[in-house]
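Architecture at a glance
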Amino acid sequence: MTPILKTAVATAALSLALACTVPAFAQQATPPAQPPITLKAMGSFHIGGKTVDISGKPVKEVVFSPGGVPAKIDPNGTYIAGQMYVQYFLPQYEKGTVPLLLWHGGGLTGVTYETTPDGREGWLNYFLRKGWAVYNSDAVERGRSGWAQSPDIFPGEPVFLTVNGPFERFRIGDGAGSWSDDPAKRKVLPGNQFPVDSYIQFVKQNVPRWTTTDDFILDAYSQEIEKVCPCVILVHSQSGKFGFEMAQKHPDKVKALIAVEPAVTGDPKLAAKLAGVPILMVYGDYIATDSRWPTIRARAMDFVKLVRDAGGSVDVINLPEKGIKGNSHLIMMDRNSDEVAGVIQNWLVEKKLTR
């Protein structure tokens, strides 16, 4: 078989596999109506991390399996910690002029952009179908990036999410006390777009997070930019801080920054660094009546003014003002997620970042 024929066969097999391996719950929710995704390559890598030495710990005997022979484990020595997992998907025909990097929020992983809790294709697939090379990551200390010893390497303690926490804080339910174990008693915000019937599926995505690992995370993201970019970066919630700071550090490599409800923005003293980086900020619904989000958005608008005053271009989209209503903080998982992705795609086209 010739190399060209082998490549054609492999591509066809990959397309068939992607079409045939949709999870059962996704098939039940939305039967596939689109053609298979055709990739020229996919893969993954770990990036970032540093060596850390631990000493002064007692040696332990550990039985790894019931009935097994104990092994002596010496925890003293050199470790690698702070690495980040990145998975990439390269479409057969790329239409984005640069890759698109997807960075998730706090207590979450790259699953944020994969299949939605109710089984629909997520933004990873959406932008892949639009011809973007997509790089999706699990930030340091989340998912496949792995933990490190705490407090020996990661200072402090991890923060865990309860079942009711996101429901009440992410503008799905109507604030504190809106959650109930009884679905009939849950107080959902009127017209909310989050697929509430699949809320527990979302909770299963939640992972512990630290509030003390920003330096590790920023270092890993910086190395990803050095490896992959020039690029467009799309951030959500906690990763707003990382996206803005990385765009300030690498303004030559970040060709656009899309911030979906950023919890924090960049360094005000370095706002002028973003003068040449087109920025889009997207906000959902119910913000005015929330206990925290009016302040969060107001601080972001103060930062926007600094960037604009320095000559930068920042577009702010409040979805309800465009007639797109009911969005929670988890916009990429809401039932109208494709509609919002279309708004972002149109902005990228306007910025001439597509072929």
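The structure reproduced in this document is the subject of the present report.

Reading the values: rules and limits
- Residues numbered from 1 in each chain as written.
- Predicted model: local features only at pLDDT ≥ 70, side-chain atom pairs only at ≥ 80, totals over all residues.
- Heavy atoms only, no water.
- 1 Å grid on protein atoms, 1.4 Å probe; cavity = no way out; pocket = protein on both sides within 12 Å on 5 of 7 lines; lining within 4 Å.
- Points joined across faces, edges and corners; volume = space filled by probe spheres on them.
- Helix = DSSP H or I, 4+ residues; strand = E, 2+ residues; numbered from the N terminus.
- Nonpolar A, V, L, I, M, F, W, Y, C, P; charged D, E, K, R; others polar.
- Core = buried A, V, L, I, M, F, W, Y, C linked by side-chain atoms within 4.5 Å.
- Buried < 20%, exposed > 50% of the residue type's maximum accessible area, 1.4 Å probe, protein only.
- Contact = heavy atoms within 4.5 Å.
- Disulfide = S-S within 2.5 Å.

A word on the layout of surface pockets
- Estimates place the volume of the second largest pocket at around 580 Å³.
- Forming the boundary of the second largest pocket are 27 residues, of which R209, S237, Q238, A263 and R292 lie nearest the centre.
- Those elements giving two or more residues to the lining of the second largest pocket turn out to be β7 (231-237), α7 (239-249) and α8 (293-309).
- Ranked by residues supplied to the lining of the second largest pocket, first place goes to α8 with five residues.
- Residues that form the lining of the second largest pocket fall into these classes: 11 nonpolar, 10 polar and six charged.

What about the nonpolar core?
- Ranked by size, the top nonpolar core spans 50 residues in total, and within it W103, I233 and M281 carry the most contacts.
- Looking at which element gives the most residues to this core, the answer is helix α6 (residues 214-228), with seven residues.
- Non-local contacts of I233, meaning those with residues more than four positions away in its chain, are made with L101, W103, I225, V254, A256, L257 and I258.

Quick notes on the environment of A272
- Mapped onto the secondary structure, A272 falls in the loop between β8 (254-262) and β9 (279-283).
- On the accessibility criterion, A272 (53% relative accessible area) is exposed.
- Put simply, A272 and D315 are 43 residues apart on the chain and 16 Å apart in space, counted from C-alpha to C-alpha.

Observations concerning the state of the cysteines
- The full count for this structure, using the stated rule, is one disulfide.
- One disulfide bridge connects C229 with C231, the sulfur atoms lying 2.0 Å from each other. Its S-S torsion of approximately 75 degrees makes the covalent link between C229 and C231 right-handed.
- Residue classification places C231 among the buried positions, given a relative accessible area of 0%.

Note that every value here comes from positions in space, so none of it alone points to a role or purpose.
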